[in-house]
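# Coordinates in review
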Amino acid sequence: MLEVRELRKEFQPLSGQPVVALGSVSFRVESGQFVSIVGPSGCGKSTLLLCIAGLSRPSAGRVLLHGREVTGPPEGLILLFQEYNKSLMAWRSVLRNVRFGLENRSGMSRVEMDAEARRYIELVGLKGFEAHYPWELSGGMQQRVAIARALVRRPEVMLMDEPFGSLDALTRIELEDALLRLWESLRATILFVTHDIEEAVYLSDRVYVLSCRPALVIEEIEVKLERPRNQLTTREDPRFIQARHHVFELISKEMAKG
Amino acid sequence: MSRFWGSRWSGFGFLLLLVLVWEAAGRYGWVHKLFFPPATKILVSLFQIVASGEVLGHVGVSLWRAGLGYGLAALVAITLGVLMGYWRVVYESFEIVVELLRAIPPPAIIPVAIVFLGIGDQMKVFIILFSCAFPILVNTMDGVRSVDPVLIRTARTFGLGQGALLWKVVLPAASPFVMTGLRIALAIALILVVISEMVGATSGIGYFILDAQRSFRIPQMYAGMLVLALLGYTLNRCFLLADARLMAWHKGLTARQR
Amino acid sequence: MARFPGKGLAVLLGCLVLWEVLARRSGALVLYFPPASQVLATLAAILGNGELLDHIAASLLRFAEGYALAAALAVSAGLCLGLWRPLYALFEPLIELLRPMPSPATIPIAILFLGIGDQMKVAVTVYACSWPILLNTIDGVRAIDPVLLNTAATFRLGPWERFRKVVLPAASPQIVTGLRVSLAIALILVTTSEMVVSNDGLGFYILDLQRSFQIPEMYASIVALAVIGYALNRLFLTLDGWALAWHKGLTRKEEIL
């Protein structure tokens, strides 16, 4: 239902040759899947997401959502940014931040929106923090507010740009599982960008490995592990280790080239 | 004793000392009695002009002029500031014209205003509008330009239209800067209302002080200055109160960031 | 690094053309609203016959004296008050009392004590300008990051060295901000004092031209004043950019488009 066809993105610096961030990226994502994109840092993963989200115009190629070309932020798709703390509104409480996801959209009244917002705040485990301000919360909690804000919209597709990258290992584990639980109950399609190979394999149905500039999809790896996943048992599963090994090899080769 | 020297009390003590010296100087003729009436005489005069309602009438007129000019300036300048700050094209186009107009010392506009509007209230309100608009404009622009792009992209990914984006995201995010501009403009409004009343008026606190000096009612002149200082202080306090309320979220945020 | 301000100049030109057209079409109002071409021609005329230049010189002299004196006094005072808490505590109520009073209110009292000559105008200018410089300097010194001061201590810097190498540079952006604000204030007070009581200077000249209904000359003088103000501002920005290049680099906003 989401298709990226030969996506290319160039940037023109102040002087010199254009920088090709994305060479020719192509892949498809089926409805309800959890798909990860891994690659070395700085190889255009964020740019890719921006293009898919309709926030950046590709130099060539197209993005198709349900067969229709994406030319601006499309209905039913939300991008969650890496700098989640900057994307939350410091002047709004947690409740109002989450409610923002519903404003200007549904025909709901203030009361209805608040109720809905509270549901999702509870869902992400932040019950009791509705009146707090984002900057009063820890990084992990802020990230959950951002997630709740996106979820309250019930998007079909969620694009997530290294959402857990700046969090400590323990918080990361907690949020990985929380995300999987949410995904399973809402059955949205998730496109998850990360530099953490283990995280990618742990979470996804499929992993796409991206090369460095100009970015291409080197390989698509199918992760045939049962769900629900478990931090201990899944990560010890030989198929997990095999997949991880394979991805790691690909990326090491990539990084050696650069 | 050393506690005294670093504290507020030393300052008040110092102030008291100055007042006493002033009193003595006036009473014992250390300086020309006319120019330096004893402090007590000034205070008596202050009481008189306030009690008789004389000065309150003038203050009222000045406040009306300043308030109207300030309010209109805020409306115009914030709107323009948002537009100029948000769209680079608008900024680059109007930058030179704005900088040129801004460089004109507002008193120099008074004669032009007199030509078109006479020497009545309209002229004064226009002058105040002209002078207050620029600090508000410049600071609003600065604020808008420093809104984090992530915030704007977030709003767009949530499908906000341009209007809603400016109103719900850009303006609140820029509001700390807008408040700075409004605070500066408050002082400017007072300064200009006094100036315009000194150059051409028959009412207002600025006129009152100058008139007192010209007719050699010196204690009244000093008393008028005290009233003006009190007015400035009160307006400032009110502003700070409003600022503390409205910008509580920002105070909290910057406190965390330290 | 300066891009050619094409759009800005185009808009400026556009405004001038609009001015010209509207003025010519304004019928009787053209007496109040002479076309741009006439104003510019008049400007050339009064510049040529030296009349305008005399007034400009008078105003600039007062401005320079007032500004320089204010800068010297206020920066010194600000540094002292910022560095020594007890001193600041002593003067704080006095500062808080005088500060909210709009500076033009000192004009009558200055006339009383100093008459209507240059002294009065310079004095009023010095008083008004000193405030932004003083307050910003105090703020700048007091806001110096304690980490910097601790660093100076751990490197065992003597008081004079610490002042020169740490305090002064660290406070300088804020000090410069104060200097920039008082630039505008100086021009305002000089112009005002010349309007209230004087027989030369741009402030007087502009008001006088209005009173004697020499409207094109009035506009021409205002244009001259605007250009002077703009030039002074630009000059300041250049010096500022050069002296505080490090600060600009530190706080440059990343343009992400």
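What comes next concerns the included structure.

Rules used throughout
Residues numbered from 1 in each chain as written. Chains lettered and ligands numbered in written order. Predicted model: local features only at pLDDT ≥ 70, side-chain atom pairs only at ≥ 80, totals over all residues. Heavy atoms only, no water. Helix = DSSP H or I, 4+ residues; strand = E, 2+ residues; numbered from the N terminus. Rg over C-alpha atoms; globule rule 2.2 N^0.38 Å. Buried < 20%, exposed > 50% of the residue type's maximum accessible area, 1.4 Å probe, protein only. Contact = heavy atoms within 4.5 Å. Areas by Shrake-Rupley, 256 points an atom, 1.4 Å probe, with all protein chains shown as cover. Lys, Arg positive; Asp, Glu negative; His and termini not counted. Charge placed at Lys NZ, Arg CZ, Asp CG, Glu CD. Phe/Tyr/Trp six-rings, centres within 6.5 Å; stacked < 30°, edge-to-face > 60°. Buried area = accessible area lost by both parts, 1.4 Å probe. Polar contact = N/O pair within 3.5 Å; in protein donor to acceptor, adjacent residues only side chain to side chain. Nonpolar A, V, L, I, M, F, W, Y, C, P; charged D, E, K, R; others polar. Axes fitted to C-alpha atoms, helices over the stretch in contact; angles between N-to-C directions. Parallel < 35°, antiparallel > 145°, perpendicular 65-115°, else oblique. Left-handed = near helix turned anticlockwise from the far one by under 90°. 1 Å grid on protein atoms, 1.4 Å probe; cavity = no way out; pocket = protein on both sides within 12 Å on 5 of 7 lines; lining within 4 Å. Points joined across faces, edges and corners; volume = space filled by probe spheres on them. Pairing = 2+ DSSP bridges. Salt bridge = Lys/Arg side-chain N within 4 Å of Asp/Glu carboxyl O.

Take the overall build of chain C next. When you go through chain C residue by residue, the secondary structure sums to eleven helices and zero strands. Relative to a compact globule of 257 residues, whose C-alpha radius of gyration would be 18 Å, chain C shows 23 Å and is clearly more extended. Along the first, second and third principal axes, the C-alpha atoms of chain C reach 75 × 55 × 30 Å. Out of the 257 residues belonging to chain C, those deemed buried represent 47%. Here the analysis covers contacts within chain C between residues at least 6 apart in sequence; of these, 73% occur between residues at least 24 apart. Summed over all atoms, the accessible surface of chain C reaches about 13,300 Å², with 68% contributed by carbon and sulfur. Charged side chains of chain C number 19 positive and 17 negative; the gap between the two group centres comes to 9 Å.

Another aspect to go through is the arrangement of the chains. Here the protein chains form two pairs of chains in contact, of which the pair with the most contacts is chains B and C. At the C-alpha level, the nearest point of chain A lies 10 Å from chain C, with no contact between them.

We now examine the packing of aromatic side chains. Following the criterion strictly, the structure yields 18 aromatic pairs over all chains and no others. Judged by centre distance (5.7 Å) and plane angle (40°), the ring pair of Phe34 of chain A and Phe192 of chain A falls under tilted. Here Phe34 of chain A is found in strand 3 (residues 34-38), whereas its partner Phe192 of chain A is found in strand 8 (residues 189-194), with 158 residues between them in sequence. On the basis of relative accessibility, which here comes to 0%, the residue Phe192 of chain A falls in the buried class. Ring centres of Trp160 of chain C and Phe163 of chain C lie 5.6 Å apart, and the angle between their planes is 25°; on these two criteria the pair is classed as stacked. Here Phe163 of chain C and Trp160 of chain C lie together in helix 8 (residues 159-196), a separation of three residues that amounts to about one turn.

It is worth spelling out unusual backbone geometry at this point. Of note, the bond from Arg227 of chain A into Pro228 of chain A is cis; its omega dihedral lies within 30 degrees of zero at 0°. On the secondary structure map, Pro228 of chain A appears in the loop between strand 10 (215-222) and helix 8 (233-236). If you check the backbone angles, His66 of chain A has positive phi at about 55° while not being a glycine. Here His66 of chain A lies in the loop between strand 4 (60-65) and strand 5 (68-69). Taking the relative accessible area as the measure of exposure, His66 of chain A reaches 43% and is therefore partly exposed. For Phe213 of chain C, which is not glycine, the phi dihedral falls at a positive 55°. Tracing the sequence through the fold places Phe213 of chain C in the loop between helix 9 (202-211) and helix 10 (215-243). With a relative accessible area of 46%, Phe213 of chain C lands in the partly exposed category.

It is worth spelling out the interface of chain B and chain C at this point. Where interface size is quoted, it is often the accessible area lost as the parts come together. Listed by partner, the interface residues are 55 residues for chain B and 53 residues for chain C. Buried surface at the junction of chain B and chain C, both sides included, amounts to about 5,000 Å², of which 79% is carbon and sulfur. Seen at the junction of chain B and chain C, the total is three residue pairs in polar contact (both at pLDDT 80 or more). Listing elements by their share of the side of chain B that touches chain C, those giving two or more residues are helix 1 (2-6), helix 2 (8-27), helix 5 (88-103), helix 6 (110-117), helix 8 (149-157), helix 9 (162-199), helix 10 (205-214) and helix 11 (218-246) of chain B. Residue classes in the side of chain B that touches chain C are distributed as 40 nonpolar, eight polar and seven charged.

What follows covers the packing of helix 9 of chain B against helix 8 of chain C. To characterise two packed helices, one gives the angle between the axes of the helices and the distance between these axes. Packing of helix 9 of chain B against helix 8 of chain C brings their axes to within 9 Å, and their N-to-C directions diverge by 20°. When the axes of helix 9 of chain B and helix 8 of chain C are compared, the pair comes out roughly parallel. Pair helix 9 of chain B / helix 8 of chain C crosses with left-handed handedness. Seen from helix 9 of chain B, the contacting residues are Ile195, Met198 and Val199 of chain B; seen from helix 8 of chain C, they are Ile188, Thr192, Met195 and Val196 of chain C.

We now examine the environment of Arg96 of chain A. Residues and elements named next belong to chain A. Turning to its location among the elements, Arg96 is positioned in helix 3 (residues 94-99). Under the relative-accessibility criterion, Arg96 is labelled partly exposed at 33%. The sequence separation of Arg96 and Met113 amounts to 17 residues, and the corresponding C-alpha distance is 9.5 Å.

So, about helix 6 of chain B. Most of helix 6 of chain B is tucked away: six of the eight residues are buried. Among all positions of helix 6 of chain B, only Ile110, Pro111, Val112, Ala113, Ile114 and Val115 of chain B are buried. Next to the buried residues of helix 6 of chain B lie helix 7 (121-145) and helix 9 of chain B together with helix 8, helix 9 and helix 10 of chain C. Taken from the residues just after helix 6 of chain B, Gly118 of chain B is the one with a positive phi, measuring 75°.

Take the layout of surface pockets next. The space that makes up the second largest pocket amounts to roughly 1,200 Å³. For the second largest pocket, the lining is made up of 34 residues, of which Val97, Leu101, Ile104 and Phe130 of chain B together with Trp19 of chain C are closest to its centre. Of all elements in the fold, only helix 4 (54-86), helix 5, helix 6 and helix 7 of chain B together with helix 1 (6-25), helix 2 (36-48) and helix 10 of chain C reach the threshold of two or more residues within the lining of the second largest pocket. Per-class residue counts for the lining of the second largest pocket are 34 nonpolar, no polar and no charged.

What follows is about the pairing of strand 9 (residues 206-210) of chain A. All names here are of chain A. Extensive coverage of strand 9 is indicated by the burial of five of its five residues. Where strand 3 and strand 9 come together, four bridges link them in parallel fashion. Within the sheet, the bridge partner assigned to Ser36 lies in strand 9 and is Val207. Here strand 9 folds back onto strand 10, and the loop between the two strands holds four residues.

Before going further, it helps to spend a moment on the side chain of His55 of chain C. Relative to the assigned elements, His55 of chain C resides in helix 3 (residues 51-83). From its side chain, His55 of chain C meets the backbone nitrogen of Gly201 of chain C in a polar contact 3.1 Å long.

Of the residues lining the interface, 27 residues belong to chain A; the matching set on chain B comes to 20 residues. In this assembly, chain A packs against chain B so that about 2,200 Å² is buried in total across both faces, 66% of it on carbon and sulfur atoms. The three residues of chain A that bury the most area against chain B are Trp91, Phe100 and Trp135 of chain A, which together make up 32% of that side's buried surface. Applying the counting criterion to the chain A and chain B interface returns two salt bridges.

No statement about biological role is implied by the geometric values presented.
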